[in-house]
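Take a look at the letters that make up each chain.
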Amino acid sequence: MEYLLALETSCDETAAAVIARDRRVLSSIVASQAELHERYGGVVPEIASRAHVQRILPVIDEAVKSAGIALTDLAAIAVTTEPGLVGSLLVGLTAAKTLSSVLRVPLVAVNHIEAHLYACRMAANREVFPAVGLVVSGGHTNLYDCRSALEFQLLGSTIDDAAGEAFDKVAIQLGLSYPGGPSIEAASRDGDETAFDFPRTFIANDRLEFSFSGIKTAVRYQVTGVPGSRQPPPPPMTPQRVADMAASFQAAVVDVLVAKCKLALQKTGHRKLCIGGGVAANRALREKSTRMAEDLGSEVFFAPLNLCTDNAAMGAIAWELFEAGRFAPLDVDVTPGLVRLQR
Ligand code: KG4
Ligand code: ZN
């Protein structure tokens, strides 16, 4: 049996996993930095890269040990090279290049967004492509035409904030804990999603793009009042008002995400939808997209909960690249931004 070590340091999780050629995940170690960034309400790039430097070697050690293999059993080293925070990506890439060169095994460059979608394939344990792919996380809200595990074409993305970023920022406004997604979801359970009519930006247009900055402002005005307005100040933020606002915000974001997935299914003619990334853990998104797909006679595949937020196990996509002979040269660089593919 051949094994591959995958590293992921694109944002604020230092992660390593050992994956067998049959895609079995032998170990998956994730060292979260959430507690380091919590007080800032978002990821601070400089803190993230320094924490990766401290954690990368112990995380690799633990991944290899708990897989019960030796470094010399590895057939390749896979690493996220794009997109992400440049300093964070460089830590993983430097570790991966060193291992690849010392062990004399090939290096495989993984696109983090494609790996988020491959997580759906791992859970389904059968072919899920061709499909429409939605990657919805703290850094990205992108729709893809996934023709195969090796061919992803960007159909559209957010023009401002990512959906997860909106969850995180709105949570701060509502006095909820970081990361915002899980705390807004929890607060929503006691809330009325029709209490506030928050904007569903672009929901009715024919374009595959998103915008979440308007809804963030709309929530702020409900919390603090409209600056300079003669209206009476908004009522105090009781737990019920927080819950109603959380539920209404979540419903508005989910409605837009589901509407654009529907549009992408109709435009591409695909009958399958894959949803990955941190926000794919959201239950309302899972329920509403499942209903939408059923109505269209389509199937929806979600990344499993343990593979929604950042991890290295979804670096299993590197086996697809390995088998196609797509290796990275030792001088490969990181690509922090999202590369827009030609249409
Ligand atoms: O994929 P991920 O770990 O990091 C990026 O690559 O960005 O996603 C993290 C994001 C955060 O913004 C977090 O608030 C959001 O995913 N998130 C959720 C939920 N769980 C995590 N958003 C909505 N509902 C959830 N249950
Ligand atoms: Zn991610």
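The structure presented is a predicted model; accordingly, all values stated were derived computationally and were not measured.

1. What about the nonpolar core?
The nonpolar side chains of a soluble globular protein tend to be buried, and buried together. Counting 86 residues, the largest nonpolar core has F129, L143, F198, F249, L257 and I275 as its most contacted members. With 14 residues, the top contributor of residues to this core is helix α8 (residues 239-268). Formed jointly, this core draws a minimum of three residues from each of two domains, domain 1 (3-116 + 308-323) and domain 2 (127-305). The residues touching F129, leaving out its near neighbours within four places in the chain, are L117, Y118, R121, C146, R147, S148, A149, F152 and C274. V64, L89, A96 and V334 belong to the second largest nonpolar core, which has 29 residues in total.

2. Observations concerning the site of ligand 1
Surveying the vicinity of ligand 1 reveals 20 residues, the closest of which are G138, G139, D168, G181 and E185. One of the backbone N or O atoms of G278 is found 3.1 Å from an oxygen atom in ligand 1. The separation between a nitrogen atom of ligand 1 and a polar side-chain atom of N282 is 3.0 Å. Counting atoms within 2 Å of the grid points, the majority share of ligand 1 lands in the largest pocket. Per-element tally for the shell around ligand 1: the top contributor is helix α6 (residues 180-188), with four residues. Taken together, the residues that form the shell around ligand 1 break down as six nonpolar, 11 polar and three charged. Of the residues that make up the shell around ligand 1, three or more belong to each of domain 1 (3-116 + 308-323) and domain 2 (127-305).

3. Observations concerning the coordination of the zinc ion (ligand 2)
Those donors, H112 (NE2), H116 (NE2) and D310 (OD), are the protein atoms that reach the zinc ion (ligand 2), and they lie 2.0 to 2.1 Å from it. Geometry at the zinc ion (ligand 2) is irregular, judged from its four donor atoms and the angles of 91 to 143° they form at the metal. Binding-site remark: the zinc ion (ligand 2) is held by donors from one chain whose sequence spacing is H-x3-H-x193-D. You can see H116 sitting in helix α4 (residues 112-124) and its partner D310 sitting in the loop between β10 (299-302) and α10 (317-323), a full 194 residues away along the chain.

4. A word on the layout of surface pockets
Of the pockets and cavities examined, the largest pocket occupies roughly 980 Å³. Elements with a contribution of two residues or more to the lining of the largest pocket: α4, α5 (163-173) and α6. Per element, the largest residue contribution to the lining of the largest pocket is six residues, and it comes from α5. Each residue belonging to the lining of the largest pocket can be placed in one class, and the counts come to 15 nonpolar, 16 polar and seven charged. Residues lining the lining of the largest pocket come from more than one domain, with at least three contributed by each of domain 1 (3-116 + 308-323) and domain 2 (127-305).

5. Quick look at the packing of aromatic side chains
Scanning all chains against the criterion turns up six aromatic pairs. Taking the centre distance of 5.6 Å and the plane angle of 5° together, the rings of F196 and F198 count as stacked. Look at F196 and you get buried, because its relative accessible area is 13%. A relative accessible area of 4% means that F198 is categorised as buried. Taken together, a centroid distance of 4.9 Å and an interplanar angle of 70° make the contact between W319 and F322 edge-to-face.

6. Brief notes about the packing of helix α7 (residues 213-224) against α8
Packed helix pairs are characterised by how far apart their axes lie and by the angle those axes make with each other. Packing of α7 against α8 leaves a shortest axis separation of 11 Å and a crossing angle of 165°. Judged by the angle between their axes, α7 and α8 are roughly antiparallel. Classified by chirality, the crossing of α8 by α7 is right-handed. Contact residues: α7 offers I215, V219, Q222 and V223, while α8 offers R241, M245, F249, A252 and V253. Taken together, the residues of the contact of α7 with α8 sort by class into seven nonpolar, one polar and one charged.

7. A word on the domain arrangement of the chain
What the domain assignment reports for the chain is domain 1 (3-116 + 308-323) and domain 2 (127-305). Taken residue by residue, the interface counts 16 residues in domain 1 and 19 residues in domain 2. Here domain 1 meets domain 2 over a buried area of about 1400 Å², counting both sides, of which 69% is carbon and sulfur. When the buried area of domain 1 at its contact with domain 2 is split by residue, I113, H116 and C308 rank highest and sum to 45% of it. For the pair domain 1 and domain 2, the interface holds three residue pairs in polar contact (both at pLDDT 80 or more).

8. A look at the pairing of β10
Bridge count between strand β9 (residues 272-276) and β10: four bridges; the pairing is parallel. For L273, the partnering residue across the bridge sits in β10 and is V300. Handedness of the β9-helix α9 (residues 283-296)-β10 crossover: right-handed.

Definitions and limits used
Residues numbered from 1 in each chain as written. Chains lettered and ligands numbered in written order. Predicted model: local features only at pLDDT ≥ 70, side-chain atom pairs only at ≥ 80, totals over all residues. Heavy atoms only, no water. Core = buried A, V, L, I, M, F, W, Y, C linked by side-chain atoms within 4.5 Å. Buried < 20%, exposed > 50% of the residue type's maximum accessible area, 1.4 Å probe, protein only. Helix = DSSP H or I, 4+ residues; strand = E, 2+ residues; numbered from the N terminus. Domains from an automatic or database assignment. Contact = heavy atoms within 4.5 Å. Near = heavy atom within 4 Å. Polar contact = N/O pair within 3.5 Å; in protein donor to acceptor, adjacent residues only side chain to side chain. 1 Å grid on protein atoms, 1.4 Å probe; cavity = no way out; pocket = protein on both sides within 12 Å on 5 of 7 lines; lining within 4 Å. Sits in = over half its atoms within 2 Å of the grid points. Nonpolar A, V, L, I, M, F, W, Y, C, P; charged D, E, K, R; others polar. Donors = N, O, S within 2.8 Å, 3.2 Å for Na, K, Ca; no water. Tetrahedral: all angles 85-135°; square planar, octahedral: opposite > 155°, others 65-115°. Points joined across faces, edges and corners; volume = space filled by probe spheres on them. Phe/Tyr/Trp six-rings, centres within 6.5 Å; stacked < 30°, edge-to-face > 60°. Axes fitted to C-alpha atoms, helices over the stretch in contact; angles between N-to-C directions. Parallel < 35°, antiparallel > 145°, perpendicular 65-115°, else oblique. Left-handed = near helix turned anticlockwise from the far one by under 90°. Buried area = accessible area lost by both parts, 1.4 Å probe. Pairing = 2+ DSSP bridges. Right-handed = clockwise from strand over helix to strand, strands pointing away.

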